[in-house]
Amino acid sequence: MATLCVDGCPSLRKTGFLLFKTSIIFVFLFNPSLTTRLYSEEDSVVILTSATVKQTLLNSSTAWLVQFYSSWCGHCIQYSPTWKALAGDVKGADRELQTVRQLMVNFLQNHTTQDWPVSCPPLEPYSSADILPLIGQKSNQYTAVIVENEDSYVGREVILDLMMYQGLTVKRALSSEKSLTEKLGINSFPSAYLLHPNGTHAILHVQKRLRFFFSSFLKLLLGVHRKLSTSGAPQEPLLEGPRGPGTAEALKDFEKSKVYMADLESGLHYLLRVELATHQTLEGEELKTFKDFVTVVAKLFPGRQSVVKLLETLLEWLVSLPLEKIPFDAILDLVNNKMRISGMFLSDQLQWVGCQGSRVGLRGYPCSLWTLFHVLTVQAASRPDALANTGLEENPKAVLQTMRKYIVNFFGCQECGKHFEEMAVASLPQVKSVDQAVLWLWRKHNQVNGRLAGTMSEDPHFPKTQWPSPDLCPTCHEEQDGIHVWNEDKVLMFLKQHYGAANISPKHMYSSQHEPNQETLGSPDNKPIKATQEKTVAPESSLLHANHAKQSDVEGAGQAGTGAHRETRPGVSFLGLGFSSVDMSLCVVLYAFSCVFLMVMFFFFRVRSKRWKIRYNRPYV
């Protein structure tokens, strides 16, 4: 264990100890008897007490950077924001403190080799004799070589960034190795050269020669994924809940630069037919939340006409019924189109494409829910009149508030809803425009990705990174004094393009055998875009049962089964004809209307008859 004191730290009056879960780990040792604390569980640190520090550090295979501090020490108080930011940087946050980070790298590199942790990669530069024999050789993993000047930290920082990933080895070499640079054809520094497992090799082309760009590119290589965290309990995921089966055995072809309508429709199917099923009856705040959700989706969803018609019909039905309580079965019958209304259809198949996971139980529904609300925020910003006459037209936070209420009231993981509510309470009031709403959701999604990176809920083949990655939007990333920053103007432009209707792909969408082939997707100028249908029938195991009871906040709200429609809870049977709840509701409304009409006609003709008798009655002479 190595100890480093920066800017003054009491040597004996130690009350603190900070831990980073990387090659260098910060630990703060906390004295429970003290009431003042400089660090909390909200920081990117692990706080240990005297009772837990020994068992955590003893025989650890990781290098630890330890800071001792006193909560009353002026130097410690002034320096605590720096250490918090440094912890976030090492853990993958988007803010960097270059000076302290380089000090940390120097300290680690100069550490005695006798106690060098086994899992910590070497930071010393390799020679030409070490690198050249590897060129053209087959291997079981990638090898990336960062060639840089002697005073550069990029290579060492990339090595530390990637040390928690497997399937890749990162080495560094100096630009003074002329035989190496001539062989690789490198004449500008820093540069990266990538050796593929099959023996091929080439210069790594990135938009900007910065640490963030090199690290991001390497993390996204096929077969490179994060190692499963072995220390600490996994965090509860935010927006991680029931996905159900539906991940195909073989991954579908997709472009990460596209949004897929199949994901959006699959998310709606799961939301309306499965997650909502945990509520047998909707009333009060739940009913209002559901009406607001249907209003926002029906007005903003840029989907094919059959799905939009179903959403609009559902909205009209909810608004027209002056009921304080609506059974879920009635909603389900309408979603399943038991009335056989022409042109209404929502697939009951799960077709994850951009949201597919490498195995069942990863990504899927939570990914589609995030995607859906990103699309809705962009639609609200691009179509300012879409929510006219809904009561939400003057509210720039309409989509975000609807998302917030839906997650709190309906999302299967109650703990996840609690986390999202905490984020909303802290920063949602600051949103004053529809563009700010788009950026708010992007920031929070990245915040969640940073927190969940490396946990058990992360798909190793689709690692949670700060998005958009440099290959998708190089202009979104900048560096100021060695610190990575987002260009939010460029990010906003990218988000509007990426989640715009024109960028939604119809590939892998499922269509009913009874549906016409002229299904279309909406576009910003209201001109239909022809959708190429791929009639894909998922295996029987990819269908879903709706739940019969609400699950715990950890398990979520959905259970996987073999049937998507709620046939286990049929509608009301009347005279053996199998009328549904919607059928009976419509009959009652029609019956009441008929009665009122007949009564009006009766009184009308009765009054008219009396007038006729008075007018034409003649007294006898």
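Throughout this document, residue positions are counted from 1 along each chain, in the order its sequence is written. Thresholds applied to this predicted model are a pLDDT of at least 70 for local features of residues and 80 or more for the giving and counting of side-chain atom pairs; totals over whole chains, interfaces and linings are not thresholded and use all residues. Excluding hydrogens and water, the side-chain figures rest on all heavy atoms present in the structure.

Engineer: Any details on the overall build of the protein chain? Residues and values, ideally.
Structural biologist: Under the scheme used here, helices are H or I runs from DSSP no shorter than 4 residues and strands are E runs no shorter than 2 residues, and both carry numbers assigned from the N terminus. In terms of helices and strands, the protein chain carries 17 helices and 18 strands. Each residue's exposure class comes from its accessible area (1.4 Å probe, protein chains only) as a fraction of the maximum for that residue type: buried when under 20%, exposed when over 50%, partly exposed otherwise. A burial count over the protein chain gives 51% of its 621 residues as buried. Excluding contacts between residues fewer than 6 apart, the proportion of contacts in the protein chain whose partners are at least 24 apart in sequence is 73%. Surface exposure here means Shrake-Rupley accessible area, sampled with a 1.4 Å probe, where a residue is shielded only by the protein chains that are shown. Of the roughly 30,400 Å² that the protein chain leaves accessible, carbon and sulfur atoms contribute 54%. Contacts are assigned to residue pairs with any non-hydrogen atoms lying within 4.5 Å of each other.

Engineer: For the UniProt feature "transmembrane region" (unreviewed entry) in the protein chain, give the residues involved together with the corresponding values.
Structural biologist: UniProt positions are given in the numbering used here, feature names are shortened, and annotations may be inferred rather than shown by experiment. Taking the UniProt record as the reference, the feature "transmembrane region" (unreviewed entry) is found at residues 588-605. End-to-end, the C-alpha atoms of residues 588-605 are 26 Å apart, and along that stretch the chain is 100% helix and 0% strand.

Engineer: How would you summarise the packing of aromatic side chains if you had to cite specific residues and measurements?
Structural biologist: Any pair of Phe, Tyr and Trp rings, taking the six-membered ring for Trp, is counted once the centres come within 6.5 Å. Such a pair is stacked with planes under 30 degrees apart, edge-to-face with planes over 60 apart, and tilted for the rest. Enumeration over the complete set of coordinates arrives at 13 aromatic pairs. Each ring, one from F254 and one from F462, has its centre 6.2 Å from the other, and the planes form 45°; the classification is tilted. Here the residue F254 occupies a position in the loop between strand 10 (225-226) and strand 11 (259-260), and F462 occupies one in the loop between helix 15 (434-452) and strand 14 (477-480), the gap between them amounting to 208 residues. The criterion for a charge sitting over a ring is simple: Lys NZ or Arg CZ within 6 Å of the ring centre, and within 35 degrees of the ring normal. Seen from the ring of Y153, R156 lies directly overhead, with NZ or CZ sitting 4.4 Å from the centre. The ring of F462 carries R363 above its face, with NZ or CZ at 4.6 Å from the centroid.

Engineer: Outline the pattern of salt bridges, listing residues and values.
Structural biologist: One side-chain nitrogen of Lys or Arg within 4 Å of one carboxyl oxygen of Asp or Glu is enough to make a salt bridge. Counted according to the given criterion, the structure contains 10 salt bridges. Residues D471 and K256 are paired through a salt bridge, measuring 2.5 Å at the closest nitrogen-oxygen approach. Of this pair, D471 sits in the loop between helix 15 and strand 14 while K256 sits in the loop between strand 10 and strand 11; the two residues are 215 residues apart in sequence, bridging distant segments of the chain. Residue class for K256 comes out partly exposed when judged on its relative accessible area of 41%. D435 serves as the salt-bridge partner of K496, at 2.8 Å between the closest nitrogen and oxygen.

Engineer: Describe helix 5 (residues 154-161), and please don't skip the residues or the numbers.
Structural biologist: Along helix 5, 8 of the 8 residues are buried, which leaves the element largely enclosed by surrounding structure. Taken together, the buried positions of helix 5 are V154, G155, R156, E157, V158, I159, L160 and D161.

Engineer: Which residues make up the state of the cysteines, and what values do they have?
Structural biologist: Cysteine sulfur atoms are paired as a disulfide whenever they fall within 2.5 Å. Considering all chains together, one arrives at 2 disulfides under this definition. Disulfide partner of C355: C367, at an S-S distance of 2.1 Å. Disulfide C355 to C367: torsion about the S-S bond roughly -70°, handedness left-handed. In this pair, C355 sits in the loop between helix 11 (328-335) and helix 12 (365-382) while C367 sits in helix 12, placing the two residues 12 residues apart along the sequence. C355 gets classed as buried once you look at its relative accessible area, which sits at 2%. Taking relative accessible area as the criterion, C367 reaches 17% and is therefore assigned buried. Each sulfur of the disulfide joining C473 and C476 lies 1.9 Å from the other. Its torsion about the S-S bond being 75°, the disulfide of C473 and C476 is classed as right-handed.

Engineer: How would you summarise the layout of surface pockets if you had to cite specific residues and measurements?
Structural biologist: Here a cavity denotes grid points, spaced 1 Å and computed from the protein atoms alone, that fit a 1.4 Å probe unable to get out, and a pocket denotes an open set having protein on both sides within 12 Å along at least 5 of 7 lines; residues with an atom within 4 Å of a point are the lining. Grid points are joined across faces, edges and corners, and a volume is the space filled by probe spheres set on the points. Its boundaries defined by the atoms lining it, the second largest pocket holds a volume of some 1,200 Å³. Forming the boundary of the second largest pocket are 44 residues, of which G354, R363, F462, P463 and W467 lie nearest the centre. At the level of secondary structure, the elements contributing two or more residues to the lining of the second largest pocket comprise strand 11, helix 12 and helix 15. The leading source of residues in the lining of the second largest pocket is helix 15, at 6 residues. Delimitation of the domains relies on an automatic or database domain assignment. Each of domain 2 (128-225) and domain 3 (259-505) accounts for three or more of the residues forming the lining of the second largest pocket.

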